[in-house]
Amino acid sequence: MAATEQPAEPAGTWPARLHVVTGKGGTGKTSVAAALALGLAAGGRRTLLVEVEGRQGIAQLFGTDPLPYEERHLTAAPGGGEVRALAVDAEEALLEYLDMFYKLGAAGRALRKFGAIDFATTIAPGLRDVLLTGKVKEATTRSNGQRRTYDAVVLDAPPTGRIGRFLNVTAETARLAKVGPIKNQSEGVSALLRSPMTAVHVVTLLEEMPVQETVDAIAELTQLGFPVGRVIVNGARPPVPAGREVTAAELKRGLAAAGLPTDGRTVTGLTREARDQQVRRELEDSLRAELAELGRPLVELPLLPGGVDRAGLETLAAALVRAD
Amino acid sequence: MPSEDAAPTLDVDQILADPGVRIVVCCGAGGVGKTTTAAALALRAAERHGRRTVVLTIDPARRLAQSLGLTELDNTPRQVKGIDVEASGGELHAMMLDMKRTFDDVVLQHTDPAKAAEIFANPFYQAMSSTFAGTQEYMAMEKLGQLHARGEWDLIVVDTPPSRSALDFLDAPARLSRFLDGRMLRLLLAPARTGGRSMFSFVTAGFGMFSKVVQKVIGAQLLTDLSGFVAALDSMFGGFRQRAEQTYRILQARETAFLLVAAPEPDAVREAAYFAGRLREERMPLAGLVLNRVHRPAVPGLSGADSLAAAERLAQVGGHEGTVEVLRAHAALAQQAVREQGVAARFTEAFPTVPAVSVTAQPADVHDVDGLRTIGAAIGGR
């Protein structure tokens, strides 16, 4: 690729290095996270796409075998980049963490045998989140010699209802661990998550509940001191054209000119469809205005009629990275 | 509609009217209109079938909650006013689940006040009662068990939590049992049972290594809190598990009807299929599938392709801009309907005997009783 074709440095448009993608369930946050990882890898960069909820959403999206707790090549990005993927598992992360700091070996296996890890992450869910975010932090800040391992890390995070608690690891663990390595670990994670290196993006649809949850989540994130990035409207249709309602007579003439049936059922049916469509579009426009009031950069991703396949992901990736 | 004649039609009115049905559980992925469906069915049971109904919602949208008169999360059923029950004599009550308070109530029920106070003050209890993965599911089950035990209701309609996976709702009791039976918990309990000596005084070889690690990693304070919590919890084990198992059995009984709620999107349908498989495995009574937000063209005879072709022809001729717009909109709708049928067929192919009903997408969101009534009528098929 010639130097002149090099896409704008992602720093220009997506300045953070860790992109946390949240959104109400059903808004397509996994697809958006994947598209962002793909878009940020374009032009020879390397990104890591991470999931933490054990849903194997990335594997389903890309039609691969379930992801292990291991950074794996996921796909090549346009222009020579690479997206890698990782499914973080709290238990594995804990063992890795213990091994790194305490050289456990056999004792780690003993922990697992006693069910200690299941127990620990069950009884103290805050601990689970520290482990998950701790792994994300490690990947984000890792470097091989002079070069950072990843140009960007994209996290397919828990949904809006849980995102504040998930990211606010220090508050959750401070209740339990007053001193010691868990406390230090959570403070390190917290510092990264609250730094300009991180941006939390909220995915929504132009529907009432997802928009309401977006507004609530942004208020919560702001109050907790996490840098909010963009509001990403998924499956958006363009704003309503300033059209007017078509009359039955007009429609009848049009249908006749097109050689289509002009019976009463067809005319009233089509009129009703057009009216419903108009109602829906007007609601979408008012929701769009509500989102604009948040004062955050807004990105709209087109509705993909055929669902999100590989080509669709590239369309979304291009739309995301193009957006300023 | 070729893909629809595969499955029998779900008759929700038959379920809602059946005095033998005491519980309806709505489950499915997040974002498919589960809460709205539960509320609409409960309203219909009260207004049309004269049943004294309570709907247990988990996390309703603010405006939907307001429409039911739920202004606060107070964990008690409130009667919904201003509904049309004069003819039927039914009643509708609604409540929102308060997870923490339900957990507190369970603790109070199973232990004396002094011990309860000790438990409430323990940081592990505070963490677990508000954030334990599965607490919400377990507490929803607990609340369902309570409402059922009071025997005041003809029908309880339950909305399930917006879980990571719809399966969490079914798995919560088993997970709790596993947790309570866990070897780890037994080990931590040993000192309490042997007279309060250090938990590490009875060490085995493997456990010695383990205890060293635990002390190093989490520190002494945490351990003290933890054994305190576990010891306090010990007195309630039996009660906890018994209740979870009781509710589980109620869910398997004939008086319960599970309704899967989905939208014609790949993720939601996949989730519904998983859930249908699980219900079958657990021998729980699956009554049918409610497929929300289905798009249906009002002029089914005009295909998307024909409509689009006609729009292009007219656009070239000129002078029919309004009709061109209408035809393009119809084409998009018709194509969407075809896609949705393909997605829905994945469920009916896997579960051909499960009755299903499609509910047409509403142009605007529902947040009042009239809107719920309209949805209820659409689910009821008239």
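Since the structure is predicted, the reported quantities are computational estimates derived from the model, not experimental observations. (Residues numbered from 1 in each chain as written. Chains lettered and ligands numbered in written order. Predicted model: local features only at pLDDT ≥ 70, side-chain atom pairs only at ≥ 80, totals over all residues. Heavy atoms only, no water.)

Scanning chain B from terminus to terminus reveals 15 helices and eight strands. Among the 382 residues that make up chain B, the fraction classed as buried is 56%. The contacts in chain B between residues at least 6 apart in sequence include a share of 80% that link residues at least 24 apart. When the accessible surface of chain B is summed, it comes to about 15900 Å², and 51% of that surface belongs to carbon and sulfur atoms. (Helix = DSSP H or I, 4+ residues; strand = E, 2+ residues; numbered from the N terminus. Buried < 20%, exposed > 50% of the residue type's maximum accessible area, 1.4 Å probe, protein only. Contact = heavy atoms within 4.5 Å. Areas by Shrake-Rupley, 256 points an atom, 1.4 Å probe, with all protein chains shown as cover.)

All names here are of chain B. The element strand β8 (residues 356-360) is largely enclosed, with a buried count of four among its five residues. Here strand β7 (residues 286-294) pairs with β8 via four bridges, running parallel. Counterpart to Val-294 in the pairing with β8 is Thr-360. (Pairing = 2+ DSSP bridges.)

Right, let's get into the packing of helix α13 (residues 304-317) of chain B against helix α14 (residues 321-350) of chain B. Residues and elements named next belong to chain B. Close contact between α13 and α14 brings their axes to 8 Å; oriented N to C, the two are set at 160 degrees. On the basis of their axis angle, the class for α13 and α14 is roughly antiparallel. The interaxial crossing formed by α13 with α14 has left-handed handedness. Within the contact between the two elements, α13 uses Gly-304, Ala-305, Ser-307, Leu-308, Ala-310, Ala-311, Glu-312, Leu-314 and Ala-315 and α14 uses Thr-323, Val-324, Leu-327, Arg-328, His-330, Ala-331, Ala-334 and Gln-335. Split into classes, the residues belonging to the contact of α13 with α14 amount to 10 nonpolar, five polar and two charged. (Axes fitted to C-alpha atoms, helices over the stretch in contact; angles between N-to-C directions. Parallel < 35°, antiparallel > 145°, perpendicular 65-115°, else oblique. Left-handed = near helix turned anticlockwise from the far one by under 90°. Nonpolar A, V, L, I, M, F, W, Y, C, P; charged D, E, K, R; others polar.)

The next thing to look at is the sheet that holds strand β4 (residues 81-87) of chain A. All names here are of chain A. The eight strands lie next to each other as β3-β4-β2-β7-β1-β8-β9-β10, forming an open sheet whose pairing is mixed. Of all the strands in the sheet, the pair left with one neighbour each is β3 (72-77) and β10 (298-302). The sheet shows a mean angle of 25 degrees between the axes of neighbouring strands, taken without regard to direction. Here strand β1 (residues 18-23) runs beside strand β7 (residues 152-156); their pairing, made up of four bridges, is parallel. When the bridges of β7 are listed, Val-20 appears paired with Leu-155. On the sheet, helix α8 (residues 160-167) packs against β1, β7 and β8 (198-204) and is oriented at approximately 145 degrees with respect to β1.

Looking now at the side chain of Asp-129 of chain A. Residue and element names in this part refer to chain A. Mapped onto the elements of the fold, Asp-129 is located in helix α7 (residues 125-141). Accessibility expressed as a relative area gives 16% for Asp-129, which makes it buried. Residues within four places of Asp-129 in sequence aside, it is in contact with Gly-134, Arg-165, Phe-166 and Val-169.

This part is about the pattern of salt bridges. Inspection of every chain in the model, using the stated rule, returns 27 salt bridges over all chains. Notably, a salt bridge pairs Glu-300 of chain A with Arg-288 of chain A, separated by 2.7 Å at the nearest N-O pair. Placement of the pair is Glu-300 of chain A in strand β10 and Arg-288 of chain A in helix α13 (residues 264-292), with a sequence separation of 12 residues. The shortest N-O distance in the salt bridge between Asp-104 of chain B and Lys-100 of chain B comes to 3.3 Å. (Salt bridge = Lys/Arg side-chain N within 4 Å of Asp/Glu carboxyl O.)

Looking now at the confidence of the model for chain B. Residues and elements named next belong to chain B. Mean pLDDT over chain B: 82, with 79% of residues reaching 70 or higher. When the elements of chain B are averaged for pLDDT, helix α9 (residues 183-193) gives the smallest value, 57, and helix α1 (residues 12-17) the largest, 97. Below a pLDDT of 50 lies the segment residues 191-206, which in the model reaches 19 contacts outside its immediate sequence neighbourhood of four places, other chains included. (pLDDT = per-residue confidence, 0-100.)

Below, the discussion takes up the sheet that holds strand β1 (residues 23-27) of chain B. All names here are of chain B. Overall, mixed pairing links the eight strands, which are arranged β3-β4-β2-β5-β1-β6-β7-β8 in an open sheet. Either end of the sheet is taken by a strand with one partner, and the two such strands are β3 (78-79) and β8. Here four bridges tie strand β2 (residues 52-57) to strand β5 (residues 155-159), and the two strands are oriented parallel to one another. The residue of β5 that forms the bridge with Val-54 is Ile-156. Contacting β1, β2, β4 (91-96), β5, β6 (256-262) and β7, helix α2 (residues 34-47) runs over the sheet at an angle of about 170 degrees to β2.

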